[in-house]
Amino acid sequence: MKLTIIGTGYVGLVTGTCFAEAGHRVVCVDSNEDKVNVLKAGGMPIYEPGLAELVRKNVAAGRLHFTSSTPEGVEKSDVIFIAVPTPPLPDGAVDLSFIERVARDIAGAMTSYKIVVDKSTVPVKTGDKVAETIKRYCKAKVEFDVVSNPEFLREGFAVEDFMKPDRVVVGVRTPRPVAAMKQIYEPFDAPVLVTDINSAELIKHAANSFLALKISYINALSVVCEATGANVLEVANGIGLDARIGRRFLEAGLGFGGSCFPKDLSAFIKIAEQLGYDFRLLKEVQRINAEQMDRFVKKILDTMWVLKDKTIGVLGLAFKQNTDDVRLSPAIDLCQRLQKEGAKLRVHDPQAMEKAKAILTGVTYVEDMNAVAEGCDALVIATEWPEFKQLDLEKARAALTHPILFDGRNLFDLAEMEQLGFIYKSVGR
Ligand code: UDX
């Protein structure tokens, strides 16, 4: 089918590219001309494993095109996906101005029936607003349908998640667009759940809030584990083997960050509040998440006593593994707190150093992870990159003035670290 994706951020670019890979003809639109030029020239504005290769392959095959013109995108396809940012406002509510702008642009360019699909994460009832807006601004007065089709992509695994989804949610206001939506997703071999549009919009916020809740639950358990000498990894395995609970998203650590969970949680609390419900459970999820970082910083201070003029090596800057994204990264937050205590930092991340440089200044960026410990008083693991498990621990121990390692991601075995002579402090163990 012919599809247009408006917005080439993480979600839009992955969506457009994977649709092209599945055989559809795709036009990706972005108002940022520089970005469009980078993509046209074969460059990539973001790091996402496997994406660059797929973009190149599908551009070469003539199935994937880029343009900065919304009218061109609207004209070329019958189905238009909206994948623009929905950033948080200062009060936690969602800024829908990009969505509104795009709805007006689409309306202005429509001359025949279109299916307008929202992929961005939006508050429940946004679909109705999009429909009203299109109706108001569509000069040609043609028919259209608005659909909600939320994304469930994890950064770092976005291509994999898109190509092999657990489920595809399609929220509609009328049955008319259902057949086309099913056809679009047919190559992906996933259950398509067709719902009313309000339910589809809610599913997105409800899913992310539940996952955040799961993380806060294990982080709260990590506190109890530390107080009792239990091991949170054993507890996670023990409860996770119950199929009703599941082992995934039970990694205790520095708390969740990134551009989705914190924002979606605040938004969902705000949406509930506007509907007259005080979602105290989710407020507690936020509180536990914030406290988790406070406790880790305290752990470092309790051991090191004074950080002024000490040098700390930090491994990890991205908000999680497999991404160069540092937005609301717990690792960056941790670095800034250590700096505030007067520590000098030597930092490394396999992918995120370039992006980190814009927000984390006054630190030494180190290219080789095995060189970070040189001249440091302690080492900190802040992101769960799998390559950190390959760290040359003997070399690190020799390079540190004292063999102290704070592991915010529980990457190493307790007995092994003891054997190697480390003072090793992790989370919930
Ligand atoms: C999330 C959702 O998983 C995805 O479905 C949604 O569409 C967008 O938001 P993402 O933000 O890319 O994806 O990352 P995710 O892998 O979910 O991790 C989010 C944060 O939680 C990270 O900071 C990660 O380190 C943390 N996390 C995750 C934990 O602390 N423990 C866990 O067990 C899992």
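The rules we used
Residues numbered from 1 in each chain as written. Predicted model: local features only at pLDDT ≥ 70, side-chain atom pairs only at ≥ 80, totals over all residues. Heavy atoms only, no water. Helix = DSSP H or I, 4+ residues; strand = E, 2+ residues; numbered from the N terminus. Rg over C-alpha atoms; globule rule 2.2 N^0.38 Å. Buried < 20%, exposed > 50% of the residue type's maximum accessible area, 1.4 Å probe, protein only. Contact = heavy atoms within 4.5 Å. Areas by Shrake-Rupley, 256 points an atom, 1.4 Å probe, with all protein chains shown as cover. Lys, Arg positive; Asp, Glu negative; His and termini not counted. Charge placed at Lys NZ, Arg CZ, Asp CG, Glu CD. Pairing = 2+ DSSP bridges. Axes fitted to C-alpha atoms, helices over the stretch in contact; angles between N-to-C directions. Near = heavy atom within 4 Å. Polar contact = N/O pair within 3.5 Å; in protein donor to acceptor, adjacent residues only side chain to side chain. Nonpolar A, V, L, I, M, F, W, Y, C, P; charged D, E, K, R; others polar. Domains from an automatic or database assignment. Left-handed = near helix turned anticlockwise from the far one by under 90°. Right-handed = clockwise from strand over helix to strand, strands pointing away. Phe/Tyr/Trp six-rings, centres within 6.5 Å; stacked < 30°, edge-to-face > 60°.

A. Seen up close, the overall build of the protein. Counting secondary structure elements, the protein contains 16 helices and 14 strands. Radius of gyration (C-alpha) of the protein: 23 Å, near the 22 Å computed for a compact globule of 429 residues. Along the first, second and third principal axes, the C-alpha set of the protein runs to 70 × 50 × 40 Å. Within the protein, the fraction of its 429 residues that count as buried is 53%. Considering only residue pairs separated by 6 or more positions, the protein has 71% of its internal contacts joining residues 24 or more positions apart. Taken as a whole, the protein presents about 19,100 Å² of accessible surface, with 54% of it coming from carbon and sulfur. Here the protein contributes 53 positive and 57 negative side-chain charges, whose respective centroids are spaced 4 Å apart.

B. Region of interest: the sheet that holds strand β5 (residues 114-118). Strand order across the open sheet formed by eight strands is β3-β2-β1-β4-β5-β6-β7-β8, with mixed pairing between neighbours. Lying at the two open borders of the sheet, with one neighbouring strand each, are β3 (64-67) and β8 (192-196). If you compare each strand with its neighbour and ignore which way they point, the axes differ by 25° on average. As paired strands, strand β1 (residues 2-6) and strand β4 (residues 79-82) are joined by four bridges and run parallel to one another. What sits directly across from I5, in β4, is F81. Lying over the sheet, helix α6 (residues 126-137) contacts β5 and β6 (144-148), oriented at roughly 155° with respect to β6. Across the sheet, helix α9 (residues 197-228) is in contact with β6, β7 (168-172) and β8; its angle to β8 comes to roughly 120°.

C. View of the site of the ligand. Taken together, 20 residues sit near the ligand, with E155, E251, G257, K320 and E384 positioned nearest. Measuring from an oxygen atom of the ligand, one finds a side-chain N or O atom of K204 at 3.1 Å. Contact between the ligand and L250: an oxygen atom at 3.3 Å from a main-chain N or O atom of the residue. For the ligand, the accessible surface in isolation is 670 Å², of which the surrounding protein chains cover 94%. At three residues, α9 tops the list of elements feeding residues into the shell around the ligand. Residue composition of the shell around the ligand, by class: nine nonpolar, three polar and eight charged. When residues of the shell around the ligand are assigned to domains, at least three fall in each of domain 1 (2-190) and domain 2 (211-425).

D. Up close: the packing of α9 against helix α11 (residues 261-274). Orientation of α9 relative to α11, taken along the N-to-C sense of each, is 115°, at an axis distance of 9 Å. In this structure, α9 meets α11 at a crossing whose hand is left-handed. Across the interface between the two elements, L202, K204, H205, A206, N208, S209, L211, A212 and I215 from α9 touch F261, D264, L265, A267, F268 and I271 from α11. A per-class count over the contact of α9 with α11 returns ten nonpolar, three polar and two charged.

E. Here's a closer look at the pairing of strand β12 (residues 378-381). Going residue by residue along β12, you find A378 and V380 tucked away on one face and L379 and I381 tucked away on the opposite face as well. Bridge count for strand β9 (residues 311-315) against β12 is four bridges, and the pairing is parallel. Residue pairing for β12: I312 is matched across the bridge by A378. Alignment of β12 against strand β13 (residues 404-407), held across three bridges, turns out to be parallel. Bridging from a neighbouring strand, I381 pairs with D407 of β13. Where the polypeptide runs from β12 across helix α15 (residues 393-399) and back to β13, its parallel neighbour, the crossover connection is right-handed.

F. Molecular detail of the packing of aromatic side chains. This structure, assessed with the given rule, holds twelve aromatic pairs. Taken together, a centroid distance of 6.0 Å and an interplanar angle of 70° make the contact between F19 and F188 edge-to-face. In this pair, F19 sits in helix α1 (residues 10-21) while F188 sits in the loop between α8 (178-185) and β8, placing the two residues 169 residues apart along the sequence. Note on accessibility: F19 and F188 belong to one class, buried. Where F256 meets F261, the ring centres are 5.9 Å apart and the plane angle is 85°; that geometry is what we call edge-to-face. For the residue pair F256 and F261, the accessibility class agrees, reading buried in each case. The rings of F19, F81, F162, Y185 and F188 are connected pair by pair, giving a single aromatic cluster.

G. Region of interest: the sheet that holds strand β14 (residues 423-425). The strand order across the open sheet built from six strands is β11-β10-β9-β12-β13-β14, with neighbouring strands paired in parallel fashion. Either end of the sheet is taken by a strand with one partner, and the two such strands are β11 (364-365) and β14. Against the sheet, helix α12 (residues 280-304) touches β9, β12, β13 and β14, its axis set at about 170° to β13. The strands that helix α13 (residues 330-340) touches are β9, β10 (344-348) and β12; relative to β10, the one it contacts most, it runs at about 160°.

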